[in-house]
Amino acid sequence: MPLLYLAMAETGYLTNEGMEEVAEWCGITPAQIRAVASFYTMYKREPTGRYLVSCCTSLSCMLLGGDEVLAAVEDESGVPHGETDEEGVLSVEHVECIGACGGAPAIQVNYELIEGVTPGKARELVNWLTTARPDVVNTDEMQQLFGGRPSFDWAITETDGAVGPFPAFQPLGTVGNEAGS
């Protein structure tokens, strides 16, 4: 599965060629790779924007306003669920549980988590992404700017973050930090 993220990081999404190469590396068929890639929604098989905004609409988030947060993101950006803006800057999606039920409602930007998001803060987040266009999105920074009550005290400050619409993994080289490296 991490190899699929590596293939995604090459082009921003999983191409047929990328999935075939992963199949070759793993010694399995391309059909087996496509089965995994099509089952898990975090593997994007179509291009996304520079920032992938994933709004959790699962039970805990929904009960605490997740649907309203998603509506605010869609309204402020003009981008409906499953779509990307014309400039290729912002993609919006609703997702099922992102594992942040204690800090609901939660959003991820390029798989970096923000908890306790309100509709107003979601609008501010969209404006920040579309105007500031940060090179790196970082959970700690976004939590401070746009989040509310987290599920627990995160304790250790994290300066690294995601550099694209795929998870930040040091071994894959998809990590940057606030200082720009």
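Every value quoted in this text rests on a predicted model; they were computed, and no experiment measured them.

Asks: Let's hear about the overall build of the protein: which residues, and what values?
Replies: Counting its secondary structure elements, the protein contains seven helices and seven strands. Taken from the N to the C terminus, the helices and strands of the protein come in the order α-α-α-β-α-α-β-β-β-β-α-α-β-β. Relative to its length of 181 residues, the protein is compact, with a C-alpha radius of gyration of 16 Å against a globular reference of 16 Å. With the C-alpha coordinates aligned to their principal axes, the bounding extent of the protein is approximately 45 × 35 × 35 Å. Burial status across the protein gives 44% buried among its 181 residues. In the protein, the share of contacts with a sequence separation of at least 24, taken over all contacts with a separation of at least 6, comes to 60%. For the protein, the exposed area adds up to about 9100 Å²; of that, 53% sits on carbon and sulfur atoms. Here the protein contributes 8 positive and 27 negative side-chain charges, whose respective centroids are spaced 3 Å apart.

Asks: Help me get a handle on the pattern of salt bridges, residues and values and all.
Replies: Applying the stated rule across the entire model yields seven salt bridges. As a salt-bridge pair, Glu-124 and Lys-121 come within 3.4 Å of each other at their nearest N and O atoms. Within this pair, Glu-124 and its partner Lys-121 are both found in helix 6 (residues 119-132), separated by three residues, close to a single helical turn. For Glu-124, a relative accessible area of 40% puts it in the partly exposed group. Overall, the relative accessible area of 28% leaves Lys-121 in the partly exposed class. The network of salt bridges with common partners includes Asp-75, Glu-76 and Arg-123.

Asks: For the nonpolar core, give the residues involved together with the corresponding values.
Replies: Formed by 24 residues in total, the largest nonpolar core has its most connected members in Ile-107, Val-109, Leu-125 and Leu-129. Every element with two or more residues in this core is listed here: strand 1 (51-56), helix 5 (66-77), strand 3 (90-95), strand 4 (107-109), helix 6 and helix 7 (139-146). It is helix 6 that contributes the most residues to this core, five residues altogether. Apart from residues no more than four positions distant in its own chain, Ile-107 is found in contact with Val-53, Ser-54, Cys-55, Val-69, Val-73, Ile-98, Glu-112, Leu-113, Ile-114, Val-117, Ala-122 and Leu-125.

About the cut-offs
- Residues numbered from 1 in each chain as written.
- Predicted model: local features only at pLDDT ≥ 70, side-chain atom pairs only at ≥ 80, totals over all residues.
- Heavy atoms only, no water.
- Helix = DSSP H or I, 4+ residues; strand = E, 2+ residues; numbered from the N terminus.
- Rg over C-alpha atoms; globule rule 2.2 N^0.38 Å.
- Buried < 20%, exposed > 50% of the residue type's maximum accessible area, 1.4 Å probe, protein only.
- Contact = heavy atoms within 4.5 Å.
- Areas by Shrake-Rupley, 256 points an atom, 1.4 Å probe, with all protein chains shown as cover.
- Lys, Arg positive; Asp, Glu negative; His and termini not counted.
- Charge placed at Lys NZ, Arg CZ, Asp CG, Glu CD.
- Salt bridge = Lys/Arg side-chain N within 4 Å of Asp/Glu carboxyl O.
- Core = buried A, V, L, I, M, F, W, Y, C linked by side-chain atoms within 4.5 Å.

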